[in-house]
Structure formats: structure tokens, C-alpha cells
Amino acid sequence: MAEACETLKKYKTTPVWIVEDHNDALYYIYRAIGSHHLPLHGVTMVHLDSHPDMLIPWKMSADTVFDREELFNTLSIENWILPAAYAGHLDCVVWVKPPWAEQIQEQSVSFYIGKHRTSRTIRVSSTESYFLSEALFAPESQLENKRLITLHVLTLSGSSHATHDEIEPEVKRRRADHKTPCEAEKQDGTAQNCFSKDTDTLSHAKYTHDAVQQRSEECIPEDFDVANRKIMMEILSSVRKSSAMILDIDLDFFSTQNPFQDLFTDEQFKIIRNLYNFERPSSTDQDALLTYTEGRHQLLEQLEEICTDLQNGTELKDIECDTSRKELLATLVNSMRETFEDNLDFELIHLAGCTCDDTELPHHVSSQEEITNLTAAMETMLSCLPAPTLVTVARSSDDDYCPKSQVESIQEKVLECLEYLYADIHIQLEYLQQD
């Protein structure tokens, strides 16, 4: 098959873009594509976060991904990655999660993302609960302009990892061992990104699968405590085959809060869970999944409309829904009026409800020791990977996902780690400009 070749520019120093809201990171990724520092296709994103961020705005037209300004105005912190995959920029996402994040279990899996032939929105063929609970599932047969995307999910443990002061010689050896042919070319200032449209053929591949697997095994330190070393080897293989790598870090990876936990009482949150109740379908039959998805879509749409109507002043007695749901709403509204008085925000109810599936939104405020150990574990893992083209960092403190009392110290540790690993980095504090 014909090959798509482009000459990529090389940054003099690796840019590290630090933003507040995580979806703002996509702007700098798109800018790097536009300036030809990143290729248009075939990019792997290594995403360290307590949350997958892989939902999709379920009412957004799929074609919105080709209108940058409209796209950026539509995206939010939970749904900014997969639209870039549908646009063709990302073909592999590596979600590296801390031990307390359970939204998607550890695995390596491939699924299709495409335009739904009826709704014209972006949908995925994955049957993960994470996607089913948001009514984002569609069978491959119903997807147009579909693309295959690979997802690796890896839990990174913070136990018993040495700091870089103790492992510097070993880290340098691993970094030298795993350079890809493309990465070697970059040292000369340019890199030819010859990426075959046939995903099984890479023009720059010099090694057989077995050879890559062997090199991957040798790269992982013997004491590297990951729950699934096989997934780590698959990640290394995927990254080496990619045309470029983006490193993306959310500081809430190291310590995270559930911001809704302090907004609602336990009883209020229990009612919200009942309103938005998600139970994974017992059958994996395609027809059963389609029936469930349609029902889930109708429920979420109805609840969103109810919250919008209540926010706009509609009386509860005028809301149309089934009796049991109206009784739950009445109990919730009366309770919240006592709590919030005149500052009642019904849109918060819907935002909180959409987090209710078969796992809890993670809440784990880490100790300083845990943060230090996770940083060391991240450093060890990243030392096994090729250097990224660019790094994006999200603080996530304004929305209370990363504790405000810890965000500065976590950022300092992360930047120290990046400086150690990649030496010449250009730190750009974009969140200060956004303020």
C-alpha cells in the first residue's frame, strides 16, 4: 500500500505545557500537529490520570472534530481524548492509573470509533461499562468513517521504587537501549514519518515482533512493581511502533478528590445514585446491548432536561416523569433546599449523576510519602519509554480534583522528574496566562 510520508520538525527543547483544565491540553497538541512537530496520524498518548477522560460529548456532531474552534468550545475535562482519536490523530491511548482508580480495569484492547450512521455522533464499539453507562456504545456495523484504536490500561503502584538519585546509571542504560529508529533520526534535527496506511506495516520497523518483545522484557526493571507486566510489554511495543508519543499528566494522578463528595450529603448522593442507577446488562448479546443503550440514552436525556427545567424555574409538580422518579426528585429537592438555600444548582445534580455507574469516582487524598513513591514509579516507567515529542500537564485544582493544598508541591515533583528524564525541557505555565 502507498505510504504517507511527512518531514517532522524537532523542538530544540521538549515543551511542557501546564494548563489548569485538562481539556485545554488539546489546544497545544493540535498546535504541534499544525506546526508539523507532531504527525497528523499515528500518535500514541501516554495519559497518567486518576480518570480516563475518554468519554465523548454524546450530542456533538462527529464532524465537529474538523472545526477546531467549535471543538474546543464543546469539550470538557472528561471527554477530550477520543474526539482526537476519531479525527485520526491518536491511534493508541495508554491510560496509566493509580491503584485507587477503577473506572476501567487493566487490559490491552482494540475497538472501533466512528460516526453513528443514524445520530451522526461519535460512538465506540467497546462494551466497557465506562462507555455503556454513558450510552456511547454502537456495534461496528453501525459506524461510518471508523478507525481502530488501541487502549492499554495499566495500574502503577507506588510501592518500593527508588528515586532517580539511586538509579541514574540504570535509567540512562534503559533510555539508550530503547531508542526507536525514528527517534534516532530525530537526533539529526529531522525525522521522516513514513507510516504505512496498513497498520501492520511500518516502514521504519527494523525488528520482528519477537525481537521487540525481547527488548521490551529486558527494558522493564526486575523490581518494577506493576500489576500486569504483560500489559507493560505491550505498551512498550505499541509506543515503539508509533510515529510519535505525547506524554500527558494530570496532577490528580498523585492525589485526587471527588469534588461532589463535599457538595452533597450522603443521603442526597444516595438519591442521585438511585435516579441515575446503572446496572450493566447481564447479556453481551448485541441486540440486548443496543436495547440497553437506547434506554440509557433516553434516561440520561430525560434527567438532563428535568435538571435544566428546574434550573430555569419550572415547578417540580409540572415536571413530567414516572411517579417513582418524581418522588425521588421531590425528596432530593426538599433536602437540597435546606442545604443550599437560595444557591440551589440543579445542573450540579446532573453532573454528579453522570458519574454514577458501577464504580465510584475515585477519592484518595495521598500522603506525602505516597506522592513521592508514585512519582518515583512514574519516573521508572517513563525511563522505559522513548522521549515524548511534547508533554502536557493539567493541574485540575480549580475544580477540586487535585487538592489545592497539594497541587504546588506535586507540580514541583513532576517537573523535577521531567527535567531529570529529558534534560532540556521548556516549561510553559499557561495556567497563569489563563488566569
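Let me begin by describing the structure that accompanies this report. (Residues numbered from 1 in each chain as written. Predicted model: local features only at pLDDT ≥ 70, side-chain atom pairs only at ≥ 80, totals over all residues. Heavy atoms only, no water.)

Running from amino to carboxyl end, helix 9 (residues 266-275) crosses helix 11 (residues 323-340) at an angle of 150°, the nearest separation of the two axes being 10 Å. Between helix 9 and helix 11, the angle is such that the two are roughly antiparallel. Considering only the axes of helix 9 and helix 11, their crossing is left-handed. Residues Gln268, Ile271, Ile272, Asn274 and Leu275 of helix 9 form the contact with helix 11, whose own contacting residues are Arg325, Leu328, Leu329, Thr331, Leu332, Ser335, Met336 and Thr339. Its residues assigned to classes, the contact of helix 9 with helix 11 shows seven nonpolar, five polar and one charged. (Axes fitted to C-alpha atoms, helices over the stretch in contact; angles between N-to-C directions. Helix = DSSP H or I, 4+ residues; strand = E, 2+ residues; numbered from the N terminus. Parallel < 35°, antiparallel > 145°, perpendicular 65-115°, else oblique. Left-handed = near helix turned anticlockwise from the far one by under 90°. Contact = heavy atoms within 4.5 Å. Nonpolar A, V, L, I, M, F, W, Y, C, P; charged D, E, K, R; others polar.)

Read from one edge of the open sheet, nine strands run 6-5-7-4-3-9-10-2-11, paired in mixed fashion. Sheet topology places strand 6 (122-124) and strand 11 (425-429) at the edges, where each strand pairs with a single neighbour. Between one strand axis and the next, the sheet turns by 20° as a mean value, whatever way the strands run. As defined by bridge partners, strand 9 (residues 244-250) adjoins strand 10 (residues 390-394) across five bridges and the pair is classed as parallel. Opposite isoleucine 249, over in strand 10, you have valine 393 as the bridge partner. Together, strand 2 (14-19), strand 3 (43-48), strand 9 and strand 10 form the strand contacts of helix 1 (residues 25-34), whose direction differs from that of strand 10 by roughly 165°. Sitting on the sheet, helix 14 (residues 407-422) is in contact with strand 2, strand 9, strand 10 and strand 11, with an inclination near 155° to strand 11. (Pairing = 2+ DSSP bridges.)

Pairing of strand 5 (residues 107-116) with strand 7 (residues 143-155), which is carried by nine bridges, proceeds in the antiparallel orientation. Directly across from lysine 115, in strand 7, lies its bridge partner glutamate 144. Bridge analysis of strand 5 against strand 6 gives three bridges, and the strand direction is antiparallel. Each bridged residue has a counterpart across the sheet, and for lysine 115 the counterpart in strand 6 is isoleucine 122.

Counted residue by residue, strand 10 has five buried out of five residues, so it is predominantly covered. Going residue by residue along strand 10, you find Leu390, Thr392 and Ala394 tucked away on one face and Val391 and Val393 tucked away on the opposite face as well. The pairing of strand 2 with strand 10 spans four bridges and is parallel. Paired with tryptophan 17 across the two strands is threonine 392, which belongs to strand 10. (Buried < 20%, exposed > 50% of the residue type's maximum accessible area, 1.4 Å probe, protein only.)

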